[in-house]
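Residues per chain are reported as follows:
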Amino acid sequence: MQQWFGLTSDHAFEMFGFSHVIMLAVFGLGFLLIVVYAPALRKGTKAHQWVRWILFIFLFLSEASYQLWALHHGLASSAEHLPLHLCGIASLLGMISLLTYHKKLIQMNVFIGIIPALMALITPEIPHGYEHYRYWKFFVHHMAIPWTSIFLLLTMKFTINLKGMLETYMYLVLYAVAIGVFNRLFETNYLYLSHPPQAAPFLNYLAFGAGYQINLALLTLTVFLLILVFYNGIVKMRRR
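Residues numbered from 1 in each chain as written. Predicted model: local features only at pLDDT ≥ 70, side-chain atom pairs only at ≥ 80, totals over all residues. Heavy atoms only, no water.

**Q** So what exactly am I meant to see when it comes to the overall build of the protein chain here?
**A** Scanning the protein chain from N- to C-terminus turns up eight helices and zero strands. By the burial criterion, 45% of the 240 residues in the protein chain qualify as buried. Considering only contacts within the protein chain whose residues lie at least 6 apart along the sequence, 74% involve residues at least 24 apart. Summing over all exposed atoms, the protein chain offers an accessible surface of approximately 13,400 Å²; the carbon and sulfur share of this is 71%. (Helix = DSSP H or I, 4+ residues; strand = E, 2+ residues; numbered from the N terminus. Buried < 20%, exposed > 50% of the residue type's maximum accessible area, 1.4 Å probe, protein only. Contact = heavy atoms within 4.5 Å. Areas by Shrake-Rupley, 256 points an atom, 1.4 Å probe, with all protein chains shown as cover.)

**Q** How do you make sense of the nonpolar core when you look at a structure like this?
**A** A general trend in soluble globular proteins is that nonpolar side chains are found buried together. Core analysis: the largest hydrophobic core is formed by 49 residues, its most contacted members being Phe139, Leu153 and Ile160. Looking at this core, the elements that each hand over two or more residues are α1 (18-36), α2 (46-72), α3 (86-100), α4 (103-113), α5 (115-122), α6 (133-155), α7 (162-186) and α8 (212-239). Considering every element that reaches this core, the biggest residue donor is α6, with 12 residues. In contact with Leu153, not counting residues within four places along its chain, are Val110, Phe158, Ile160 and Tyr231. Among the nonpolar cores identified, the runner-up in size contains eight residues, and Tyr190, Leu193, Tyr212 and Leu216 belong to it. (Core = buried A, V, L, I, M, F, W, Y, C linked by side-chain atoms within 4.5 Å.)

**Q** Even after reading the chapter, I still don't get the pattern of salt bridges, so can you show me in this structure?
**A** Any two side chains of opposite charge can pair if their charged atoms end up close together. Within this structure, the stated rule accounts for one salt bridge. Lys104 is the partner of Glu167 in a salt bridge, and the nearest nitrogen-oxygen pair spans 3.0 Å. Here Glu167, found in helix α7, pairs with Lys104, found in helix α4; they are 63 residues apart in sequence, far enough to count as distant. Assessed through its relative accessible area of 25%, Glu167 is described here as partly exposed. Judged by relative accessible area, Lys104 falls into the partly exposed class, the value being 36%. (Salt bridge = Lys/Arg side-chain N within 4 Å of Asp/Glu carboxyl O.)

**Q** How should I be thinking about the packing of α1 against α5 in this particular structure?
**A** Two numbers describe a pair of packed helices, the interaxial angle and the distance between the axes. Between α1 and α5, whose axes approach to 10 Å, the crossing angle comes to 155°. If you check the angle between α1 and α5, you find them roughly antiparallel. Across from His20, Leu24 and Phe27 in α1, the residues of α5 making contact are Leu118, Leu121 and Ile122. Here the residues of the contact of α1 with α5 sort into five nonpolar, one polar and no charged. (Axes fitted to C-alpha atoms, helices over the stretch in contact; angles between N-to-C directions. Parallel < 35°, antiparallel > 145°, perpendicular 65-115°, else oblique. Nonpolar A, V, L, I, M, F, W, Y, C, P; charged D, E, K, R; others polar.)

**Q** Looking at this structure, I do not really get the side chain of His132. What am I missing?
**A** Looking at the element boundaries, His132 is found in the loop between α5 and α6. Take His132: its relative accessible area is 0%, and that puts it in the buried class. Engagement of the side chain of His132 in a polar contact is seen with the backbone nitrogen of Arg134, the distance being 3.0 Å. Among residues more than four places away in sequence, those in contact with His132 are Gln3, Trp4, Phe5, Gly6, Leu7, Thr8, Ser9 and Trp69. (Polar contact = N/O pair within 3.5 Å; in protein donor to acceptor, adjacent residues only side chain to side chain.)

**Q** Looking at this structure, how should I read the packing of aromatic side chains?
**A** Two aromatic rings, taken as a pair, are described by how far apart their centres are and by the angle between their planes. Enumeration according to the criterion identifies 16 aromatic pairs in this entry. Measuring from ring centre to ring centre gives 5.2 Å for Phe138 and Phe139, while their planes differ by 85°; the resulting arrangement is edge-to-face. Residue class for Phe138 comes out buried when judged on its relative accessible area of 9%. Judged by its relative accessible area of 0%, Phe139 falls in the buried class. Their ring planes at 35° and their centres at 4.6 Å tell us that Phe182 and Phe186 sit as a pair that is tilted. On the criterion of helical spacing, the pair formed by Phe182 and Phe186 is a turn pair, its members being four residues apart in helix α7. Each residue in the set Phe13, Tyr130, Tyr135, Trp136, Phe138 and Phe139 is aromatic and connected to the rest through ring pairs, giving one cluster. Lying over the aromatic face of Tyr101, Lys43 brings its terminal NZ or CZ to 4.2 Å of the ring centre. Looking at Lys137, its charged tip hangs above the ring of Tyr66, at a distance of 4.5 Å from the centre. (Phe/Tyr/Trp six-rings, centres within 6.5 Å; stacked < 30°, edge-to-face > 60°. Lys NZ or Arg CZ within 6 Å of the ring centre and 35° of its normal.)

This is the structure in structure tokens:
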């Protein structure tokens, strides 16, 4: 048990190993179930309330337990363990959205909560395997974030549009500027603005032309547009 919560582990994480593939399958199944049973999970039903609070508990316990783990191991003062990555922000927004049903927060969470968490699930940047707490925290947390986004989007009378997408993108740009300053001051790599994560070397291909940060911003805008196109496609299919 001590090693399970320890700072280190003898069991390293293996990308696309059996335990990784199982977690990807669990995520895909959960995502599919939310999409398929969305009509039965509409706001106002008992099923909606059950899923709503289960997702909130997943998000809250993941974030709270990680901060307690960092505090226990003397890492709480480190600037590298703050919830400032996109997934951390999406997690906090997700919890507030589940409590308040604030439509603007839900809209923001749809754009920043699905793709970043999905990329993290596919290329996890974690050191330990399933024998360690951080493995379970990472996967439960990063599965609950997009589950929350799609759950709120599909079970409420809510729409997203180009104006909302651009508004979210501008908020993200302003946040990225602030985080860029933070990264310089504390030598961190939040939002992976300084350099790509080791687990996702394909982002190195963005280091050309106008520069890594500019290309990362353009990639993000492209992803936002694809999410909007995908959403509009689903809406049109449902109206037929």
